[in-house]
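Structural characterization, general
The primary structure of each chain is shown beneath.
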Amino acid sequence: MERQDGRLADELRKIQFIPGIAPHAAASVLSCFGGTRVICAVTVEEDVPRWMKAQRVEGGWLTAEYSMLPYSTLDRKRRDIANGRLDGRSSEIQRLIGRSLRAVVDLKKLGSRTVWVDCDVLEADGGTRTASITGSAVAASLAFEKLVAEGRLAENPLRGMVAAISVGMLKGAPLLDLCYEEDRDADVDMNVVMTEKGEFVEIQGSGEEAVFTGKEMEAMLALARKGVAELVRIQRETVSLTARPGAEDLASLASFFAKK
């Protein structure tokens, strides 16, 4: 089927991870999946949660927070603080981000530290959770390399990359990386989180007043595998380029990535 933006069924939107977007963080990237843009920033606290101390759990902890800024959607989204509590969707997504990253991080190698991953959606055009997970993995990798270089970590605790992508069934066709309109109209919507080794971390899928067959599920998972492999390639390229000499010039680096 013909997609509204001209992409093929198995084609990702334009993917960019622009580093250095939040200079006071240990590391940060602007994660761009087409029109979806999320700031993913990592900060490190030299302490662990009280429950870890009480239970004498070795190592550190990694957790995430997620929010959509009021102007990220066409109609203004009220801040969670205005409602007096975190909404259910934001809570579910930030837990997913944390689980996804903890799947590829050796927490014992962190020492007695808490790694905070903050994901703030600047613009939402579908796939904000997948952009958050994938961008956060890049930011975490850069942060860990910085901590190793500073002598605060003996070795990088990241065992490998993790990435996430959306797939779905729309008018009988399996599609990769759904934009907002496709996600809204899809008969089946699925988010797939995988490691760079092709292992599944989490699969979230459901029909919207529809059902799907095993054959359709396999078709969607095949698209997800293809999409994650491409995302990992871009993640690795971003980390490699950011680590090159002269990468401290964040303005030039951001300009370079913006042109890719």
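Residues numbered from 1 in each chain as written. Predicted model: local features only at pLDDT ≥ 70, side-chain atom pairs only at ≥ 80, totals over all residues. Heavy atoms only, no water.

1. Comments concerning the nonpolar core
Among soluble globular proteins, nonpolar side chains are generally buried collectively. Of all hydrophobic cores here, the largest spans 59 residues; its most connected members are Ile-97, Val-105, Val-117, Phe-144, Ile-165 and Val-167. Residue contributions to this core peak at ten residues, all from helix α4 (residues 128-149). Non-local contacts of Val-105, meaning those with residues more than four positions away in its chain, are made with Leu-62, Leu-110, Phe-144, Pro-157, Leu-158 and Arg-159. (Core = buried A, V, L, I, M, F, W, Y, C linked by side-chain atoms within 4.5 Å. Buried < 20%, exposed > 50% of the residue type's maximum accessible area, 1.4 Å probe, protein only. Helix = DSSP H or I, 4+ residues; strand = E, 2+ residues; numbered from the N terminus. Contact = heavy atoms within 4.5 Å.)

2. A look at the pattern of salt bridges
Taken as a whole and judged by the stated rule, the model has 16 salt bridges. Between Arg-7 and Glu-182 there is a salt bridge whose closest N-O contact spans 3.5 Å. With a gap of 175 residues between them, Arg-7 in the segment before β1 (15-19) and Glu-182 in helix α5 (residues 180-185) connect regions that are remote in the sequence. Neither residue differs from the other here; Arg-7 and Glu-182 are each classed as buried. A salt bridge links Glu-230 to Arg-233, with the nearest nitrogen and oxygen atoms 2.7 Å apart. (Salt bridge = Lys/Arg side-chain N within 4 Å of Asp/Glu carboxyl O.)

3. Let's talk about the packing of helix α3 (residues 88-102) against α4
Taken N-terminus to C-terminus, the directions of α3 and α4 make an angle of 35°; their axes are 10 Å apart at the nearest point. Crossing geometry of α3 relative to α4 is assigned as right-handed. Every residue of α4 that contacts α3 at Arg-89, Glu-92, Ile-93, Leu-96, Ile-97, Ser-100 and Leu-101 is listed here: Thr-128, Arg-129, Ser-132, Ile-133, Ser-136 and Ala-137. Across the contact of α3 with α4, the residue classes break down as six nonpolar, four polar and three charged. (Axes fitted to C-alpha atoms, helices over the stretch in contact; angles between N-to-C directions. Left-handed = near helix turned anticlockwise from the far one by under 90°. Nonpolar A, V, L, I, M, F, W, Y, C, P; charged D, E, K, R; others polar.)

4. Brief notes about the environment of Val-57
One can find Val-57 in the loop between α1 (50-55) and β4 (61-68). Since its relative accessible area comes to 36%, Val-57 is described here as partly exposed. Distance from Val-57 to Asp-47, taken between C-alpha atoms, is 13 Å for residues ten residues apart in sequence.

5. Considering the side chain of Thr-128
By the secondary structure assignment, Thr-128 is in helix α4. Judged by its relative accessible area of 5%, Thr-128 is buried. Only 3.2 Å separates the side chain of Thr-128 from the side chain of Arg-89, close enough to count as a polar contact. Contact partners of Thr-128, with chain neighbours within four places excluded, come to Thr-36, Val-38, Tyr-66, Arg-89 and Val-121. (Polar contact = N/O pair within 3.5 Å; in protein donor to acceptor, adjacent residues only side chain to side chain.)

6. Details of the sheet that holds strand β8 (residues 188-195)
Spatially, β7-β6-β8-β9 is the arrangement adopted by the four strands of the open sheet, whose pairing is antiparallel. This sheet does not close on itself; its edge strands, each paired only once, are β7 (173-176) and β9 (200-207). Between one strand axis and the next, the sheet turns by 15° as a mean value, whatever way the strands run. In terms of strand pairing, β8 meets β9 through seven bridges, oriented antiparallel. Counterpart to Asn-191 in the pairing with β9 is Gln-204. The sheet strands contacting α3 are β6 (162-170), β8 and β9, and the helix crosses β9 at an angle near 150°. Sitting on the sheet, helix α6 (residues 214-242) touches β6, β7, β8 and β9, and the angle it makes with β6 is about 145°. (Pairing = 2+ DSSP bridges.)

7. Focus on the layout of surface pockets
One number sums up the size of the largest pocket: a volume of about 570 Å³. Residue lining of the largest pocket: 21 residues in total, with Ala-124, Asp-125, Gly-126, Gly-127 and Tyr-180 positioned closest to the centre. Where the lining of the largest pocket is concerned, the elements lending two or more residues are α4, α5 and β8. Sort the elements by how many residues they give to the lining of the largest pocket and α5 lands first, with three residues. A per-class count over the lining of the largest pocket returns five nonpolar, eight polar and eight charged. (1 Å grid on protein atoms, 1.4 Å probe; cavity = no way out; pocket = protein on both sides within 12 Å on 5 of 7 lines; lining within 4 Å. Points joined across faces, edges and corners; volume = space filled by probe spheres on them.)

8. Comments concerning α3
Residue pairs three or four apart in sequence face the same way in an α-helix, which turns once every 3.6 residues. Look at α3: 21 Å from first C-alpha to last across 15 residues, which is about the 21 Å you get at 1.5 Å a residue. Three or more residues of α3 are buried, namely Ser-90, Ser-91, Ile-93, Gln-94, Leu-96, Ile-97, Gly-98, Ser-100 and Leu-101. (Expected span 1.5 Å × (residues − 1).)

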